[in-house]
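Topology and contacts: notes
In case you want the letters, here they are:
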Amino acid sequence: MDRRTFIISTAAVASGVAVAGYFLVRPEEIDNPLYAILKDGQVAVTPYVIIDDAGITIITPRAEMGQGIQSTLAALVAEELDVPVTEVSVAYGPASIVYTNNIMYPEEAIRKQLIRRVSNRLNLSYYPPRLSQSTGAQTSLSDGFVKMRQAGASARTILIQAAGKKYNMNPSDLKTEDGYVILTDGRRIPYTSLAADAAKIPPPKEVTLKPRSEWKQLGKSQPRKDMPLKCTGTAQYAIDLQLPGMVYGTVKFNPSIGGGIKSFDDSEAQGMKGFIKTLEWDDGIIVLATNTWYAMEAAKAIKVEWGAPPYPMKMEEHYAAVDNALGQGEPTEVRSQGDIEAAMEGLNTFERKYSVPYLTHATMEPMNAVALLKDGELDIWAANQNPLGVRYFGSKIVGIPEESVRVHSMFMGGAFGRRQETDFIEAALRAAMAVEGKPVKVTWTREGDMSHGVYRPIASAAFKGAVKNGKPVVFDLQISAPALFASSDRRWFQNKGKEIAERMDRSVWLGMNDQPYNLPNYRIRAYKALKLLLPVGWTRGVGETQNVFFHETAMDELALEGGLDPMEMRLSLIDDADSRAVLEAVKRMSNWGSTLPEGYARGLAFARSSGAPTAQVVEIRQTEEGIRIEKVFVAVDVGIALDPRNIEAQIKSGVIYGLDSGINSTITVSEGKIEQRNFNNYPLLRIQQIPEIQVHIHENNKEILGVGESGVAANPPALGNAIFALTGKRIRNLPFRKAIKFA
């Protein structure tokens, strides 16, 4: 990186300097995003590390939704900067392409976008600009592993050079320790006192990163930066935000998503306490009042004639749209090995069918956002997984330049992919336009949140298998589900669900193209749904949550047909050393193969989840009250474990998320309406149902692998396989509670 790429200005940030590197962009193409948040006399040099009189602040480019990512990203910088992570502050990065997630959006795609932007030929319906700052798909650390360490190493080098120049010493003779430059005479100079001098130092053209053997903080569990705030109740979520003169609102939704509004009568609401006004919006009525409760009460009084939905009215038709698609039309051949048809000749084959329902995110904090439109400037406060998308839609909806939109990212009370969407932000924007000059907070009710969501796809699968001489020889799986990208395009491009037809894309077969099984005849095919169904989107585990259930349940059925041990059969079919290692680990952890007491059973499942080999064994017990999950054993290969305690926490939370989706959760449609409205009919696991969870972390030391979703996908099939081992009952349709009782 040359000086022009690296430095935008040489002035101080609050008498300090911001240090890091641009990756992919040049100053003449796009401004330093920190310019937007600077005060008089403050100038940022680069976008990641700010050092001023108050200390060191790391600008983290990914959203904190409880996964601890801000702390680990900060630790990457702190390690190379040679400062305790406990002494570092953390702040969200503003909306900017500088903070692009290059795992999800590689350099080539972003370069193409920049060329369009610079030449003023940017097509605002072009996809990557609105998602490239995205947090998701377990990519935050794999994207930041080198970037953030380079930022820290660059800052450390500049600070050493600044100290050498200031004290007339050779920089090569100086060292650093715990936020100090150590001079040759032993004096310890704090980084904060060198910030202004460092602003004048050219950055290094190259930096050498520490070898792992010299890490002091990475690889060890670090205190989470967000924990003190969350444990003391002082963390601020968007739903907490209070601003002077604030107006409050909620949304009364069409119970049939996408049906629109024919007419409404708000005359009764107009006479209610605190009522301000109503706004017709797309699929609902925005109600504004002097507080949230008044808005929600007024919404109940509004009489609306709703339109009909664009999707089938009955749940049976939704299942039929994916079930009947299997074997119909031209499929996408995801995996193909051997000759399935020839191999099945003369063999006793068996066939099975599986299905999973829609799921909703059910975040603890319902959807909400705050917006203020004043003097041609727009401020948005919202928990979000994509600040660039928020800024883009703020600009498009309000009709002002993107440069006039400021996005303030907040803590998230749950996300799981739901806050990748912008519908809840659009509601606040529409309200802000109606009360221009005043801040407005729009909060969805729990019922609105659940019944007007973006759901995990419904899906079906058909399986054919065969065993010969005690060995699996045929594995033929067909899968069908609504495509996430087609559904999201209908929302992002605001085509209201009709212009973009149902189509096939890779979201349908996620998790199926890279499983390490090696069978002589192994085929996986994917089919698009036959009809437009409920809006579907990104959830924790995405397509893996349904596809791994299909795949690993079928694997167990294949073992049963051959009279094979499920563990030994999988080991016989997998050559990949890392995958075998986690299977062997979970075999030892669970004492697989040992005799269990009467009324106990175990089930196994394996999946490579976003590249991370993960094996789970679920141990259950039959009680008078129903089946109880006693223990879950998980072995996962994370590549490089940067923070073992946080990894363990993420795996455990993924297991709980998976258990809940396997046992309880389902979204159903009746007369065109979502039936589930609140936690009374969308039950979640109770704390007394949570089993003991043991986690083994395996490291192949090759690359960073994601853990945020790794615990999710393998859990439902492992539980289903355990239920069969205990009861002899094979449940092929989720959730399990519809067929069996749980304690």
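Further up the page is the structure itself.
Definitions and limits used
- Residues numbered from 1 in each chain as written.
- Predicted model: local features only at pLDDT ≥ 70, side-chain atom pairs only at ≥ 80, totals over all residues.
- Heavy atoms only, no water.
- Helix = DSSP H or I, 4+ residues; strand = E, 2+ residues; numbered from the N terminus.
- Areas by Shrake-Rupley, 256 points an atom, 1.4 Å probe, with all protein chains shown as cover.
- Contact = heavy atoms within 4.5 Å.
- Pairing = 2+ DSSP bridges.
- Axes fitted to C-alpha atoms, helices over the stretch in contact; angles between N-to-C directions.
- Phe/Tyr/Trp six-rings, centres within 6.5 Å; stacked < 30°, edge-to-face > 60°.
- Buried < 20%, exposed > 50% of the residue type's maximum accessible area, 1.4 Å probe, protein only.
- Lys NZ or Arg CZ within 6 Å of the ring centre and 35° of its normal.
- Parallel < 35°, antiparallel > 145°, perpendicular 65-115°, else oblique.
- Left-handed = near helix turned anticlockwise from the far one by under 90°.
- Nonpolar A, V, L, I, M, F, W, Y, C, P; charged D, E, K, R; others polar.
- Salt bridge = Lys/Arg side-chain N within 4 Å of Asp/Glu carboxyl O.
- Expected span 1.5 Å × (residues − 1).

**Section: the overall build of the chain**
Within the chain one finds 19 helices and 27 strands. For the chain, the accessible surface area stands at approximately 28,300 Å², while carbon and sulfur atoms represent 49% of it.

**With respect to the side chain of Glu544**
By secondary structure assignment, the location of Glu544 is in helix H15 (residues 544–562). What Glu544 contacts, discounting residues up to four positions off in sequence, is Leu510, Gly511, Phe549, Arg608, Ser609, Ser610 and Ala713.

**Describing the sheet that holds strand S5 (residues 175–177)**
If you trace the 3 strands from one edge of the open sheet to the other, you get S5-S6-S7, paired in antiparallel fashion. Of all strands in the sheet, those with a lone pairing partner are S5 and strand S7 (188–190), marking the two edges. The sheet shows a mean angle of 35° between the axes of neighbouring strands, taken without regard to direction. Relative to strand S6 (residues 180–182), S5 runs antiparallel, the two being bridged by 3 bridges. When the bridges of S6 are listed, Thr176 appears paired with Val181. Across the sheet, helix H5 (residues 191–198) lies against S5, S6 and S7, angled at about 65° from S7, the strand it touches most.

**What about the packing of aromatic side chains?**
Using the criterion set out here, one finds 16 aromatic pairs in the structure. Centroid distance Phe350 to Phe463: 5.6 Å. Interplanar angle 70°. Geometry classified as edge-to-face. Taken together, the residues Phe350 in strand S14 (residues 350–356) and Phe463 in strand S19 (residues 459–468) connect sequence positions 113 residues apart. Looking at Phe463, the relative accessible area reads 1%, which means it is buried. With a centroid separation of 6.2 Å and an interplanar angle of 65°, the aromatic rings of Phe549 and Phe736 are classed as edge-to-face. On the criterion of sequence distance, the pair formed by Phe549 in helix H15 and Phe736 in the segment after helix H19 (715–727) is long-range, its members being 187 residues apart. Across this residue pair, the class does not change: Phe549 and Phe736 are buried. Feature note: the residues Phe350, Phe463, Phe475 and Tyr522 constitute an aromatic cluster, connected by ring pairs. Above the ring of Phe145, the side-chain terminus of Arg149 is found at 3.9 Å from the ring centroid. Here the guanidinium or amino end of Arg730 rests over the ring plane of Phe724, the centre of that ring lying 4.3 Å away.

**Quick look at the packing of helix H18 (residues 644–663) against H19**
Their axes nearest at 8 Å, the elements H18 and H19 cross at an angle of 55°. Judged by the angle between their axes, H18 and H19 are oblique. Between H18 and H19 lies a crossing whose hand is right-handed. Facing Val655, Gly658, Leu659, Ser661, Gly662 and Ile663 of H18, the residues of H19 in contact are Asn715, Pro716 and Leu719. In terms of residue class, the contact of H18 with H19 is made up of 5 nonpolar, 4 polar and no charged.

**Side note on the pattern of salt bridges**
Under the defined criterion, the tally for this structure stands at 37 salt bridges. Residue Arg418 is joined to Asp423 by a salt bridge in which the shortest nitrogen-to-oxygen separation is 2.9 Å. With relative accessibility at 2%, the residue Arg418 sits in the buried group. Among the ionic pairs, Glu619 bridges to Arg602, the shortest N-O distance being 3.9 Å. Residue Glu619 is located in strand S23 (residues 612–623), and its partner Arg602 is located in strand S22 (residues 600–609); the two are separated by 17 residues in the primary sequence. Arg602 sits in the buried class, given a relative accessible area of 11%. A network of salt bridges, in which partner residues are shared, links Glu341, Asp476, Arg523 and Arg525.

**Some points on the sheet that holds strand S8 (residues 247–253)**
Strand order in the open sheet made by the 7 strands is S10-S11-S8-S18-S15-S16-S17, with mixed pairing throughout. Edge positions in the open sheet fall to strand S10 (275–281) and strand S17 (405–409), since each of these has one partner strand only. Within the sheet, the average angular offset between the axes of one strand and its neighbour, ignoring direction, is 20°. Looking at chain direction, strand S15 (residues 368–374) and strand S16 (residues 377–382) are connected through 5 bridges and run antiparallel. Across the sheet, residue Ala371 finds its bridge partner in S16, namely Ile380. Along the sheet, helix H8 (residues 292–301) contacts S8, S10, strand S11 (284–289) and strand S18 (440–443); its crossing angle with S8, the most-contacted strand, is approximately 30°. Where helix H12 (residues 423–434) meets the sheet, it contacts S8, S10, S11, S15, S16 and S18, and its direction lies at approximately 35° from that of S15.

**So, the packing of helix H4 (residues 140–166) against H5**
Two numbers describe a pair of packed helices, the interaxial angle and the distance between the axes. Direction vectors running N to C along H4 and H5 enclose 85°, while the axes themselves pass 9 Å from each other. The angle between H4 and H5 falls in the class roughly perpendicular. Two secondary-structure elements touch here, H4 through Arg156, Ile158, Leu159, Ala162, Ala163 and Lys166 and H5 through Tyr191, Ser193, Leu194, Asp197 and Ala198. For the contact of H4 with H5, the residue count by class is 7 nonpolar, 1 polar and 3 charged.

**Some thoughts on helix H2 (residues 69–81)**
Here H2 spans 18 Å end to end across 13 residues, near enough to the 18 Å set by a 1.5 Å rise per residue. Summarising burial for H2: 13 of the 13 residues are buried, a large majority. Positive phi shows up at Asp82, right after H2, with a value of about 65°.

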